[in-house]
Amino acid sequence: MKIELDTLEKAAALVHRMVPPTPQYCWPLLARRVGAELWVKHENHTPIGAFKIRGGLVYLDEIRRSQPDLRGVVTATTGNHGQSIALAATRLGISATIVAPYGNSVEKNRAMEAFGARLIEAGHDFQAAYEHALGLAEREKLHLVQSYHALLVRGVASYGLELFRAVPNFDTVYVPIGLGSGISGVIAAREALGLTAEIVGVVAEGAPTYALSFAAGQASQH
């Protein structure tokens, strides 16, 4: 998705009110191991230990502006997205309900509650938790926060801006893919800055749907 640099700059300024730019370091032993200059962007230095907080801050700020009578939000998660929405909602004075599947990370569940969310466990996997969240949104008149949205990408792109401006001459950037906001944000930042680094998405061996879809040129049902 093409996002103008000015739009990304405004989103980054909003993010930086709460989340300072995270560091990127060139680690010599890692570089020696791979035989190339290698940099790591440390998104574990955010308040939730992940890049997701960036998207939640921008998304909920915009939603609150466009829906001043907002009663609350609900979303489904297995962890980082939920922490992002919980913390961003609390910061804005919005109630947040987070639905996580049974058996989810105890530490992430505790973190979401600590950030101020009402935590509900439902379903055996993410899809079942999402369907429960969808029902709650309808019954309780809550705004449903999707796990992937253009506003989330706009906020997440702030870490791409930080990285490319700190180290502007990358040949290749590897980005792990969960649902896709991270890699979309990095691509958006690259395009807005007019850079040419190759962006490579990395998926888990046991969850290769994106890789299979990319190879096939269409959505995979794997």
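Scroll up a little and you will see the structure.
The following refers to the structure shown. (Residues numbered from 1 in each chain as written. Predicted model: local features only at pLDDT ≥ 70, side-chain atom pairs only at ≥ 80, totals over all residues. Heavy atoms only, no water.)

## A few points about the overall build of the protein
Then step 1. From N to C terminus, the protein includes nine helices and eight strands.
Then step 2. Radius of gyration (C-alpha) of the protein: 18 Å, near the 17 Å computed for a compact globule of 222 residues.
Then step 3. In terms of its C-alpha atoms, the protein occupies a principal-axis envelope of roughly 55 × 40 × 35 Å.
Then step 4. Counting over 222 residues, the protein shows a buried share of 48%.
Then step 5. Long-range pairs, those at least 24 residues apart, make up 64% of the contacts in the protein between residues at least 6 apart in sequence.
Then step 6. Working note: accessible area of the protein is about 11,700 Å², and carbon and sulfur atoms make up 53% of it.
Then step 7. Between the averaged position of the 20 positive side-chain charges in the protein and that of its 20 negative side-chain charges there is a distance of 5 Å. (Helix = DSSP H or I, 4+ residues; strand = E, 2+ residues; numbered from the N terminus. Rg over C-alpha atoms; globule rule 2.2 N^0.38 Å. Buried < 20%, exposed > 50% of the residue type's maximum accessible area, 1.4 Å probe, protein only. Contact = heavy atoms within 4.5 Å. Areas by Shrake-Rupley, 256 points an atom, 1.4 Å probe, with all protein chains shown as cover. Lys, Arg positive; Asp, Glu negative; His and termini not counted. Charge placed at Lys NZ, Arg CZ, Asp CG, Glu CD.)

## Things to note about the pattern of salt bridges
Then step 1. Summed over all chains, the structure comprises eight salt bridges.
Then step 2. Aspartate 6 is the salt-bridge partner of lysine 10, the closest N and O atoms lying 3.3 Å from each other. Highlighted residues: lysine 10 and aspartate 6, both in helix α1 (residues 5-15), separated by four residues, approximately one helical turn.
Then step 3. Two residues, arginine 54 and glutamate 162, come together in a salt bridge whose shortest N-O distance is 2.8 Å. Of this pair, arginine 54 sits in helix α3 (residues 52-66) while glutamate 162 is found in helix α7 (residues 150-166), placing the two residues 108 residues apart along the sequence. Note on accessibility: arginine 54 and glutamate 162 belong to one class, buried.
Then step 4. Via salt bridges that share partners, Lys41, Glu43, Arg54 and Glu162 belong to a single interconnected network. (Salt bridge = Lys/Arg side-chain N within 4 Å of Asp/Glu carboxyl O.)

## Things to note about the packing of α3 against helix α4 (residues 80-92)
Then step 1. Viewed as axis vectors pointing N to C, α3 and α4 meet at an angle of 45 degrees, and their least axial separation amounts to 8 Å. Classed by the angle they form, the pair α3 and α4 counts as oblique. Relative to α4, α3 is oriented so that their crossing is right-handed. Every residue of α4 that contacts α3 at Lys52, Ile53, Gly56, Leu57, Leu60, Asp61 and Arg64 is listed here: Asn80, His81, Ser84, Ile85, Leu87, Ala88, Ala89, Arg91 and Leu92. (Axes fitted to C-alpha atoms, helices over the stretch in contact; angles between N-to-C directions. Parallel < 35°, antiparallel > 145°, perpendicular 65-115°, else oblique. Left-handed = near helix turned anticlockwise from the far one by under 90°.)

## Let's talk about the pairing of strand β3 (residues 73-76)
Then step 1. Burial along β3 is two-sided: Val73 and Thr75 and Val74 and Ala76, pointing in opposite directions, are all buried.
Then step 2. Taking the sense of rotation as the criterion, the β-α-β connection linking β3, α4 and strand β4 (residues 96-100) turns out right-handed.
Then step 3. The sheet contact formed by β3 and strand β6 (residues 143-144) spans two bridges and is parallel. Within β6, the position partnered with valine 74 by the bridge is leucine 144. (Right-handed = clockwise from strand over helix to strand, strands pointing away. Pairing = 2+ DSSP bridges.)

## A few points about the nonpolar core
Then step 1. Counting 32 residues, the largest nonpolar core has Tyr59, Leu60 and Val73 as its most contacted members.
Then step 2. Counting residues per element, the ones that place at least two in this core are α1, α3, α4, β4, α5 (106-114) and α7.
Then step 3. Ranked by size, the runner-up nonpolar core spans 22 residues in total, among them Val173, Val175, Ala189 and Ala197. (Core = buried A, V, L, I, M, F, W, Y, C linked by side-chain atoms within 4.5 Å.)

## Section: the pairing of β4
Then step 1. With five of its five residues buried, β4 lies for the most part within the structure.
Then step 2. Alternating residues of β4 divide into Ala96, Ile98 and Ala100 and Thr97 and Val99, and every residue in both groups is buried.
Then step 3. With four bridges joining them, β3 and β4 adopt parallel strand pairing. Bridging from a neighbouring strand, valine 74 pairs with threonine 97 of β4.
Then step 4. Across four bridges, β4 lies against strand β5 (residues 118-121) in parallel orientation. By the bridge assignment for β5, threonine 97 is matched with arginine 118.
Then step 5. The parallel pair β4 and β5, bridged by α5, forms a crossover whose chirality is right-handed.

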